[in-house]
Amino acid sequence: MCRVAFTVGAASFLRGDVNGDGEVGIADVTMLALLVLAQSENIRSDVNNDGETGIADITALVNILISN
Ligand SMILES: [Ca+2]
Ligand SMILES: [Ca+2]
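Just so it is clear, the model here is predicted, and its values are computed rather than measured.

Conventions and cut-offs
- Residues numbered from 1 in each chain as written.
- Chains lettered and ligands numbered in written order.
- Predicted model: local features only at pLDDT ≥ 70, side-chain atom pairs only at ≥ 80, totals over all residues.
- Helix = DSSP H or I, 4+ residues; strand = E, 2+ residues; numbered from the N terminus.
- Expected span 1.5 Å × (residues − 1).
- Buried ≥ 20, exposed ≤ 12 C-beta atoms within 10 Å, placed from the backbone.
- Arc of directions from axis to C-beta.
- Core = buried A, V, L, I, M, F, W, Y, C linked by C-beta atoms within 7 Å.
- Contact = placed C-beta atoms within 7 Å.
- Axes fitted to C-alpha atoms, helices over the stretch in contact; angles between N-to-C directions.
- Parallel < 35°, antiparallel > 145°, perpendicular 65-115°, else oblique.
- Nonpolar A, V, L, I, M, F, W, Y, C, P; charged D, E, K, R; others polar.

> I'd like to hear about helix H2 (residues 55–67), residue by residue, with values.
Across its 13 residues, H2 extends 19 Å between first and last C-alpha, which sits within 8% of the 18 Å expected from 1.5 Å per residue. If you check which residues of H2 are buried, you get Asp 57, Ile 58 and Leu 61. Taken down its axis, H2 places every buried residue within 105 degrees of arc, on the same side. In H2, the exposed residues that point more than 90 degrees away from the buried face are Ile 55, Thr 59, Ile 66 and Ser 67.

What follows is the structure, given as structure tokens:
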């Protein structure tokens, strides 16, 4: 039998909340853009959950904003 647990750290956080203020907004897009430009990342910046932080995460974040 195979049992796979998906746990990312101890805390669960809002998808797209890059700056960790508890809500998803334009400030998160700004922060994510800065992270991508700096080729940096944080624990929340992988919005599309593909294991890396990049342009695709900005797209994913904007899509979240549009759909809300
Ligand atoms: Ca936020
Ligand atoms: Ca990503």
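> Could you give an account of the nonpolar core, naming the residues involved and the relevant values?
Of all hydrophobic cores here, the largest spans 6 residues; its members are Val 18, Leu 32, Leu 35, Val 47, Ile 58 and Leu 61. Among the secondary structure elements, those contributing two or more residues to this core are helix H1 (26–37) and H2. Setting aside residues no more than four positions away along its own chain, Val 47 makes contact with Arg 15, Gly 16, Asp 57, Ala 60 and Leu 61.

> Outline the packing of H1 against H2, listing residues and values.
Between H1 and H2, the least distance of the axes is 9 Å, while the angle of their chain directions is 175 degrees. Here H1 is positioned roughly antiparallel relative to H2, judged by the angle of their axes. Touching Asp 28, Val 29, Leu 32, Ala 33 and Val 36 of H1 are Ile 55, Asp 57, Ile 58, Leu 61 and Val 62, all from H2. Along the lines of polarity and charge, the residues of the contact of H1 with H2 split into 8 nonpolar, no polar and 2 charged.

> Describe the environment of Asp 57, listing the residues and the values that go with them.
Mapped onto the fold, Asp 57 is located in helix H2. Judged by the 24 C-beta atoms lying within 10 Å of it, Asp 57 falls in the buried class. Taking the C-alpha atoms as reference points, Asp 57 and Gly 16, separated by 41 residues in sequence, lie 8.7 Å from one another. Residues in contact with Asp 57, not counting those within four places in the same chain, are Leu 32, Ser 45, Asp 46, Val 47 and Asn 48.

> Mind laying out H1, listing which residues take part and the relevant values?
For H1, built from 12 residues, the straight-helix expectation of 16 Å at 1.5 Å per residue is met to within 8% by its first-to-last C-alpha distance of 17 Å. Within H1, burial applies to Asp 28, Leu 32 and Leu 35. Considered in projection along H1, the buried side chains sweep an arc of 60 degrees and stay on one side of the axis. For H1, the exposed residues set more than 90 degrees away from the buried face come down to Ile 26, Thr 30, Leu 34 and Leu 37. Buried residues in H1 make contact with H2. One or two positions beyond H1, positive phi appears at Gln 39, with a value near 50 degrees.

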